[in-house]
Amino acid sequence: MSAARSWVPVPDGSPFPVQNLPYGVFSPPGGAPRVGVAIGDRVLDISAVWAGTPLGADLATGSLNRFLRRGRGEWAYVRRRLTDLLTGDGQRRLVETNLHPLERVTLHLPFEVADYVDFYASEAHATNLGRIFRPDGEALLPNWRRLPVGYHGRAGTVVVSGTPVRRPSGQRLGPGGEPVFGPTGRLDIEAEVGFVVGAPSQLGEPVPTGAFADHVFGVVLVNDWSARDIQAWEYQPLGPFLGKSFATSVSPWVVPLEALEHARVAVPPQDPAPLPYLEEKEPWGLDLGLEVRLNGAVVSRPPFRTTYWSPAQMLAHMTVNGASLRTGDLYASGTVSGPLPGERGSLIELTWNGREPLRLPDGDERAFLADGDTVSMTATAPGADGIRIGFGEVSGTVLP
């Protein structure tokens, strides 16, 4: 069967073919924010396509949240309808009128973040950090293979790609072993994959792994910036706080789960077998290939398919105590790292805690981030019709 083609021109290699149709919030020149989908190098104003209807009103709010709240049946209907509009000529004039060049619009945070949870789901990443900080002990702590370890973050500091990140300050240990206050000297990145909750759940009712796609709408890229020296001093015994809460960058496009059906894979073998509430009847690992650039130079290509815990297992664990989901909840995988040195998703791993600095093409070396550095991340996945789809970019520049 031939691949589906859109009558909207899609440049070769575009991350946004018609098999993708990721959702975002944009504003055209002089206009208010509204919901759109990316197709090729344009964005379609779908609030205008459904103008005059309750759905159109939900799409004209400058946030995806009201659309997300409509649930899986409505998500599927809108995707089918958009595919028809972009591959058939029936209402071509309506669509053409509401297409905007991506280069001329402003992209915004696509959804209002309700809660934010960050996991620690990559075995390679957890093992690397264990070897760095516990060289004479077990790399993984006893609970790691039993449950998806995570912590609650700060929803108010989730920012859209392109937002500058000011170097955070806090307490850290000084050269003499006494705490000092000041800007972090070990600012790091964390290449992650995030999951956006659409349909809420009831307080007291756990969400099983089999209900993952009923609640999670789509996927974003995440850079969960980290101040390693601040974190090292503060995190015992309660975990990350100021070292992680100053900024979390997300991509402006939310790729719907339906677009990732062909990217689904089983997670790596889990030993010991998970407890019953974490068992999966269908695979929800994802074959995503990430790429991390520092000042334009590729420094890592982490593979998400090697992540030990699946997003469905993360969701089940996050709610098994009865915690409720809210529309706009975001949870992330934690740093994605593969088994090879060039697949590590953080500088603390790539430079082995600063002992082996990276040498960039211009001759500069980096153990951790310097002021003025720009970090950008992209990802692709197999899509329908054998076409690869993309997630756009999440980027940020460090300010002093």
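The preceding data block contains the structure.
Residues numbered from 1 in each chain as written. Predicted model: local features only at pLDDT ≥ 70, side-chain atom pairs only at ≥ 80, totals over all residues. Heavy atoms only, no water.

### Things to note about the sheet that holds strand β1 (residues 23–27)
The pairing of strands in a sheet happens through backbone hydrogen bonds and is either parallel or antiparallel.
1) Next: Strand order in this open sheet of five strands is β4-β3-β2-β1-β5, and the pairing throughout is antiparallel. Edge positions in the sheet fall to β4 (99–101) and β5 (106–108), since each of these pairs with one other strand and no more. On average, each strand axis in the sheet is tilted by 45° relative to the strand beside it, whichever way the strands run.
2) Next: Where β1 and β5 come together, three bridges link them in antiparallel fashion. By the bridge assignment, Phe26 is partnered in β5 with Leu107.
3) Next: The sheet strands contacting helix α4 (residues 72–87) are β1, β2 (34–39) and β3 (42–45), and the helix crosses β1 at an angle near 70°. (Pairing = 2+ DSSP bridges. Helix = DSSP H or I, 4+ residues; strand = E, 2+ residues; numbered from the N terminus. Axes fitted to C-alpha atoms, helices over the stretch in contact; angles between N-to-C directions. Contact = heavy atoms within 4.5 Å.)

### Some thoughts on helix α6 (residues 123–133)
1) Next: Within α6, burial applies to His125, Ala126, Thr127, Asn128, Leu129, Gly130 and Ile132.
2) Next: Considering only its buried residues, α6 is in contact with α10 (347–350). (Buried < 20%, exposed > 50% of the residue type's maximum accessible area, 1.4 Å probe, protein only.)

### Some thoughts on the layout of surface pockets
1) Next: Of the pockets and cavities examined, the largest pocket occupies roughly 1000 Å³.
2) Next: Every residue lining the largest pocket is counted, 34 residues in all, and those nearest its centre are Tyr120, Leu129, Gln231, Tyr235 and Pro240.
3) Next: Every element with two or more residues in the lining of the largest pocket is listed here: β6 (116–119), α6, β7 (150–152) and α8 (228–234).
4) Next: A total of five residues in the lining of the largest pocket trace back to one element, the largest contributor, which is α6. (1 Å grid on protein atoms, 1.4 Å probe; cavity = no way out; pocket = protein on both sides within 12 Å on 5 of 7 lines; lining within 4 Å. Points joined across faces, edges and corners; volume = space filled by probe spheres on them.)

### Things to note about the environment of Trp225
1) Next: Position of Trp225 relative to the elements: it lies in the loop between β14 (216–223) and β15 (226–227).
2) Next: Between the C-alpha atoms of Trp225 and Phe246, which are 21 residues apart in sequence, the distance is 7.9 Å.
3) Next: In terms of polar contacts, Trp225 uses its side chain to reach the side chain of Ser249, at 2.8 Å. (Polar contact = N/O pair within 3.5 Å; in protein donor to acceptor, adjacent residues only side chain to side chain.)

### Topic: empty space enclosed by the protein
1) Next: Counted according to the given criterion, the structure contains one cavity of 30 Å³ or more.
2) Next: Considered as a void within the structure, the largest cavity measures approximately 40 Å³ in volume.
3) Next: Residues that form the lining of the largest cavity fall into these classes: seven nonpolar, three polar and one charged. (Nonpolar A, V, L, I, M, F, W, Y, C, P; charged D, E, K, R; others polar.)

### Description of the nonpolar core
1) Next: Within the largest apolar cluster, 67 residues are counted, with the highest numbers of intra-cluster contacts made by Leu260 and Tyr331.
2) Next: The biggest single contributor to this core is helix α9 (residues 311–319), with five residues.
3) Next: Within the second largest apolar cluster, 38 residues are counted, among which are Val25, Val35, Leu85 and Leu86. (Core = buried A, V, L, I, M, F, W, Y, C linked by side-chain atoms within 4.5 Å.)

Bear in mind that shape data such as this cannot, by itself, settle questions of function.
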